[in-house]
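Structure at a glance
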Amino acid sequence: MQRFRCLGCGRSYNALTGTPLARLRKKECWLPFLQSILESRTVRDAARVTGVHRTTSFRWRHRFVPGAMRDRPAMLTAIVEADETYRLESQKGSRNLTRRPRKRGGVATRRGINREYDCLLIARDRNGQTLDFHTGRGQVTAAQLHACLKPVLPADVLLISDGAAAYRRFAVQAGITHEAVNVTAGVRARGAIHIQNVNSWHSRFKSWLVRFRGIASRYLINYSGWQRLLDARRLTTPAHLLCAAARLG
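Owing to the predicted nature of the structure, the values given are computational and were not obtained by experimental measurement.

A short note on the overall build of the protein chain
- Looking only at helices and strands, one finds eight helices and nine strands in the protein chain.
- A principal-axis box enclosing the C-alpha atoms of the protein chain has dimensions of 60 × 45 × 35 Å.
- Going through the 249 residues of the protein chain one by one, you find that 43% of them count as buried.
- When contacts within the protein chain are restricted to residue pairs at least 6 apart in sequence, long-range pairs at least 24 apart make up 62% of them.
- Accessible area for the protein chain stands at about 14000 Å²; split by element, carbon and sulfur atoms hold 51% of it.
- Taking the average location of the 44 positive side-chain charges in the protein chain and that of its 16 negative ones, the two points are 10 Å from each other.

Printed below as a string of structure tokens:
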């Protein structure tokens, strides 16, 4: 690739400097690998069809996907459904665990949603635009909702959620209209007031995630972003995905 030199500081750079693709090699394999991303292949399967080592396949996955998943809506509009899904915290691949190890497919030591679970917050409007946020461990709080949702919700939005108190507090603080569906009482919908779209996204995400046989918590937002890209069907070719991944943030 052509390199350029800054006349001010003297440093050289190329078109990929400062992007997630900087310093990656084997450029002739990028498009076949991105096709495997679009096909949701596992690390070893992608390595086999692309002709790279499995460790390269894993590293590329977490370079290309985080870059491409920045292609996300800036705002949600009209009616927005928000709900969170929880996954048992995983330190897969870590050399130093902060807890006692457990077998794959293990369970939490306590019942209910607690600090042993990672929270993935999904907000989705009725146009199909989706945003995902990894809020950390345990149940989502009003402060986390304010940090995640306030910048992407216009003042005239209608926010629909389950009956969690955190959403009510957030809506009051943010000054937006809020409707709650008491799912725990068996109420699924009140006319157009429901969270079935976002729950459907949760279901598709969990089903899609099974093929990877467990993911580390530190990569959860990468995988939700990957599924969000596939679900939106905006980036449908390897070239589209490459351009999105190489775009400067």
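What about the pairing of strand 5 (residues 130-137)?
- Bridge count for strand 4 (residues 117-125) against strand 5 is seven bridges, and the pairing is antiparallel. Among the inter-strand pairings, Cys119 is bridged to a residue of strand 5, identified as Gly136.
- Between the antiparallel neighbours strand 4 and strand 5 lie four residues, among them Gly128 with a positive phi of about 90°.

Remarks on the sheet that holds strand 4
- The strand order across the open sheet built from five strands is 5-4-3-6-7, with neighbouring strands paired in mixed fashion. Strands at the two margins of the open sheet, each flanked by one partner only, are strand 5 and strand 7 (177-181). Each neighbouring strand pair of the sheet contributes to a mean axis angle of 25°, computed without reference to strand direction.
- Taken strand by strand, helix 7 (residues 220-232) contacts strand 3 (79-88), strand 4 and strand 5, and its axis lies near 165° from that of strand 5.

Some remarks on the pairing of strand 7
- Where strand 6 (residues 158-162) lies against strand 7, five bridges are found, and the strand directions are parallel. Counted as the bridge partner of Ile160 is Glu179 from strand 7.
- Note on the crossover from strand 6 through helix 5 (residues 165-174) to strand 7: the handedness is right-handed.

Section: the packing of helix 3 (residues 54-68) against helix 7
- Taken N-terminus to C-terminus, the directions of helix 3 and helix 7 make an angle of 60°; their axes are 9 Å apart at the nearest point. Compared by their axis directions, helix 3 and helix 7 come out oblique. Our pair here, helix 3 against helix 7, has a crossing hand that is left-handed. Between helix 3 and helix 7, the residues in contact are Arg61, His62, Val65, Pro66 and Ala68 and Asn222, Tyr223, Trp226 and Leu229, respectively.

Quick notes on the pattern of salt bridges
- By the definition in use, this model includes 12 salt bridges.
- The shortest N-O distance in the salt bridge between Asp231 and Arg124 comes to 3.4 Å. In this pair, Asp231 is assigned in helix 7 and Arg124 in strand 4, connecting sequence segments 107 residues apart.
- Across the pair Asp231 and Arg204 runs a salt bridge, and its minimum N-O distance is 3.0 Å.

Quick word on the environment of Val181
- Mapped onto the elements, Val181 comes out in strand 7.
- Val181 gets classed as buried once you look at its relative accessible area, which sits at 0%.
- Placed 178 residues apart in sequence, Val181 and Arg3 show a C-alpha to C-alpha distance of 57 Å.
- Excluding anything up to four places from it in sequence, Val181 contacts Ile160, Ser161, Asp162, Gly163, Val187, Arg188, Ala189, Arg190, Ile193 and His194.

Quick notes on the rules
Residues numbered from 1 in each chain as written. Predicted model: local features only at pLDDT ≥ 70, side-chain atom pairs only at ≥ 80, totals over all residues. Heavy atoms only, no water. Helix = DSSP H or I, 4+ residues; strand = E, 2+ residues; numbered from the N terminus. Buried < 20%, exposed > 50% of the residue type's maximum accessible area, 1.4 Å probe, protein only. Contact = heavy atoms within 4.5 Å. Areas by Shrake-Rupley, 256 points an atom, 1.4 Å probe, with all protein chains shown as cover. Lys, Arg positive; Asp, Glu negative; His and termini not counted. Charge placed at Lys NZ, Arg CZ, Asp CG, Glu CD. Pairing = 2+ DSSP bridges. Axes fitted to C-alpha atoms, helices over the stretch in contact; angles between N-to-C directions. Right-handed = clockwise from strand over helix to strand, strands pointing away. Parallel < 35°, antiparallel > 145°, perpendicular 65-115°, else oblique. Left-handed = near helix turned anticlockwise from the far one by under 90°. Salt bridge = Lys/Arg side-chain N within 4 Å of Asp/Glu carboxyl O.

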